[in-house]
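# Architecture at a glance
These are the residues of each chain, in order.
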Amino acid sequence: MPTHPTRFASGGRTIPIMMGLLAMLLVAIGIGVIFQNEANYREQKTRETNVQAEILAASVTAALDFQDAPTARESVDALRVNPQILAAGIYGKDGALFAGYERRPRSLPNRALAWPAAGDNMVLAVYPIVRSGERIGTVYLLSQREPLKRRITRYGIVALLLLLAAMIVTALGVAHNLLRRSNRALGERAEALSDAYAELQVQVEERARAEEQLRQAQKMQALGQLTGGIAHDFNNLLTVIQGSADILRRPDVDDAKRIRFAEAIVQTTGRAAALTAQLLAFSRRQPLKPQVIDLNRKIRAMTELLDRTLGERVEVVSDLAANPCRIEADPAQLEAAILNVAVNARDAMPGGGKLTIRTGSASLGEDKPAMALAFADTGSGIGEEDLARVFEPFFTTKAVGKGTGLGLSQVYGFAAQSGGDVRVDSRLGEGTTVTILLPCNLHGHEEAEEEIEARPVIVSRSGRILVVDDNEEVGMFAEILLQELGYEVRRATSGSEALELAQSERFDLVFTDVVMPGMSGLQLAEALDRARPGLPIILTTGFSDEVTRSGSGGRPVVFKPYRLEALTEAIDKALPRKV
Amino acid sequence: MARALPLIAARLLRGLFAASLLALSGPAPSQPSEAAVKAAFLGKFPAYVGWPAESRPAAGEPIILCLIGGDPFGKLIDDAVRGQQIDRHPIQVKRIPRPDDGAGCALAFVAGASTIEAMKGKPVLTVTDSRNSAQRGMIHFVVDQGRVRFHIDQAAAVRSRLAINSRLLALALTVKKD
């Protein structure tokens, strides 16, 4: 925003000149008035003097006529009272002085003709003395035009006027100068401001660029950490799976060994699935399956597991609220969150310590009732710097391979998705308290937790199932599983192929992947609803975005990676079992 | 200061000189005789006197100055009135022995044994002189401090329906009123 200081200054020169001219005009008018008054006064004075001369002439006529000088002098002396009359002379017919009066010596000539012309400040009145139409003499009267005091006053007023005008002009000049100087200063300041503004903008841009670069760098760093953490964990898990599978492939494996290694593969895969679930929870791509839960019951159920997980050196103490409200959360995520916090607590107490698990009433935001689930450890605590970053994904203080940096991140994601909150209070050396706040569900009833028993799945099933998956291996895996369960299976690798098959053949159920090139699983399901109404459809996906966005249309969903039990359960629900 | 002193002295001298001039200018420069002054006065009185309408001279007619019972002036009075014009009236001097209505006197100088009684109540300005008459006319000459002055009897003038100008009254030594 460049300002133009010249705009302020441009009119600045003419104004003082105009004001000066105005002041001079005022002075001129003042002086004019004074001199006009003066002229009037002079004229009046002249008239006055003439009248006085006339009066004198009349009053001394007889005295002159009869040569009565004392009487004439008396008349003349009467003028003495007027200090402005300087001299008066009565002259006879022959021009000789008959009687007279003078205020100052030598101002009264002896002969009438010797009267000098009146000076600048004088009025000379000459009047004839006439008796019966005959001129018998002359009166000369010299009067001061104005008293000195009056003159001084007049010049004083003029001087005062000039002084005032000079003062006005000076004041104007000074004021104008000040104004110009302040204008200049203002202009300079405005310029400096605009310079500073431009510089600031450049800096802001630079900062934005730097921030962008920093974000990019952080992203890269995060990616590096992710790679380090996840790859390590996965490699471990894969090593177990690979090794176990290798052993199982050997021909001379006895039954006990086979079961042990198969179990190892199952467990390890479960852990791997949990790891990816954590990743998805972190990126909030995993839909929660919230249930109404009694928090105290959950903690009690987990105490034994926690004891075992945390080892002998960590004492686990629970302090549970008397009347907890029910909460609504995804039980699996809740368990994961509890485990994550507990493991962090254990890692903070390498020399052993105490973990206190507390439940209690709390509130969220504006008096929204909630349950607080607090984990207080007696560990090393978290430094202030790190405290601000604990929820950052992939942030970890643990050695590479010891942690993924996703633990608290999962806790945060879970709490946020459940409408709750997480707080971490910690001081270095004094332990850490992690508090998870979960909103109360005041209406729901706790669902009886289904104890998933290892049901024998050897129950014989029958029916035709169409498996749709664009991935050959996954499709084949599903086919094998379903064949194991006793179903007859046909496989399609795209939606359109599946639609064709469904129209030409009869199926009892369609098991389709959601995310496929071309026709998606959801589109296929809709098409099948129109083509073959009543045909049960089960959706499967490892990537819930599509389902989350469009909804499953009320259709059951089996999330990848799925286990045999989950698949069986979904199919059993969809297909009335023919026992 | 040293230069101012002679300046002041010069001014003083100048002042004295002017004062002496002023003093000299008071009396007439050339001293005329007492009779001449009185004669001149007699020629000037008519200018300061108003007569009733019926006794005013017609246009161009002279104002008649009568010398009754004697002439103390002789040629002096003739000189004094010669060329004298009072509102375009010349003055004519008549010498008569006694008051005479037919003479048409506007003013009368009464000298010697003659009496002013006869003119009482008539519009005639009577003038007498203390040197040669004990009786007093409306104007009565005296010599005061060496100067010719006069008394005025305004009451008598009023009785004779004459109006004497106040300027003349101002010159009189005394003015007699009722």
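All figures in this text were calculated on a predicted structure; none of them were measured in a lab.

## Focus: the overall build of chain A
Helix and strand content of chain A: 14 helices and 16 strands. Classification of the 579 residues of chain A by burial places 27% in the buried group. Put simply, of all contacts in chain A between residues at least 6 apart along the chain, 67% involve residues at least 24 apart.

## Topic: the sheet that holds strand S8 (residues 353–364) of chain A
All names here are of chain A. If you trace the five strands from one edge of the open sheet to the other, you get S6-S8-S9-S11-S10, paired in mixed fashion. The outermost strands of the open sheet, each flanked by one partner alone, are strand S6 (314–319) and strand S10 (421–426). Going across the sheet, the axis of each strand differs from the next one's by a mean of 20 degrees, ignoring polarity. Sheet contacts for helix H7 (residues 331–348): S6, S8, strand S9 (368–377) and strand S11 (432–439); angle to S9, the most-contacted strand, approximately 30 degrees.

## Some words on the sheet that holds strand S2 (residues 97–102) of chain A
Residue and element names in this part refer to chain A. Ordered in space as S2-S1-S4-S3, the four strands form an open sheet in which the pairing is antiparallel. Both outer strands of the open sheet, S2 and strand S3 (122–131), are each paired with one neighbouring strand and no more. The mean angle between the axes of side-by-side strands here comes to 10 degrees, regardless of whether they run parallel or antiparallel. With seven bridges joining them, strand S1 (residues 85–92) and strand S4 (residues 134–144) adopt antiparallel strand pairing. Note on S4: the bridge partner recorded for Ala88 is Leu141. Running over the sheet, helix H3 (residues 69–77) touches S1 and S2 and is turned about 30 degrees from S2.

## Examining the nonpolar core
With 79 residues, the main nonpolar core has Ala108 and Leu125 of chain B as its most contacted residues. The element best represented in this core is helix H2 (residues 14–65) of chain A, accounting for seven residues. Leave out the neighbours within four places in its chain, and Leu125 of chain B touches Phe45, Val49, Ala106, Leu107, Met138, Ile139 and Leu162 of chain B.

## Details of helix H9 (residues 407–417) of chain A
Residue and element names in this part refer to chain A. With nine of eleven residues buried, H9 is to be regarded as a mostly interior element. Every buried residue of H9 is listed here: Gly407, Leu408, Ser409, Gln410, Val411, Tyr412, Gly413, Phe414 and Ala415. Positive backbone phi, approximately 80 degrees, marks Gly419, located one or two places after H9.

## Side note on the pairing of S1 of chain A
All names here are of chain A. Burial of S1 is extensive: seven of the eight residues sit out of reach of the surface. The pairing of S1 with S2 spans five bridges and is antiparallel. Paired with Tyr91 across the strands is Leu97, a residue of S2. Adjacent in sequence and paired antiparallel, S1 and S2 are bridged by four residues, among which Gly95 carries a positive phi angle near 90 degrees.

## A few points about the confidence of the model for chain A
Residues and elements named next belong to chain A. Scored by pLDDT, chain A comes out at a mean of 81, with 86% of its residues at no less than 70. Confidence, read as mean pLDDT per element, is least for helix H1 (residues 6–10) in chain A (45) and greatest for strand S12 (residues 464–468) (92). With pLDDT under 50 throughout, residues 1–10 is counted as low confidence; its partners more than four residues away or in other chains account for 14 contacts. Between residues 448–457, whose pLDDT stays under 50, and residues either more than four places distant or in other chains, the model counts four contacts.

## Some points on unusual backbone geometry
Residue and element names in this part refer to chain B. A positive phi angle is found at Gln145, which is not glycine, with a value near 55 degrees. Phi at Arg161 takes a positive value of approximately 60 degrees, unusual for a residue other than glycine. The topology assignment puts Arg161 in the loop between helix H4 (154–159) and strand S9 (163–164).

Criteria and thresholds
- Residues numbered from 1 in each chain as written.
- Chains lettered and ligands numbered in written order.
- Predicted model: local features only at pLDDT ≥ 70, side-chain atom pairs only at ≥ 80, totals over all residues.
- Helix = DSSP H or I, 4+ residues; strand = E, 2+ residues; numbered from the N terminus.
- Buried ≥ 20, exposed ≤ 12 C-beta atoms within 10 Å, placed from the backbone.
- Contact = placed C-beta atoms within 7 Å.
- Pairing = 2+ DSSP bridges.
- Axes fitted to C-alpha atoms, helices over the stretch in contact; angles between N-to-C directions.
- Core = buried A, V, L, I, M, F, W, Y, C linked by C-beta atoms within 7 Å.
- pLDDT = per-residue confidence, 0-100.

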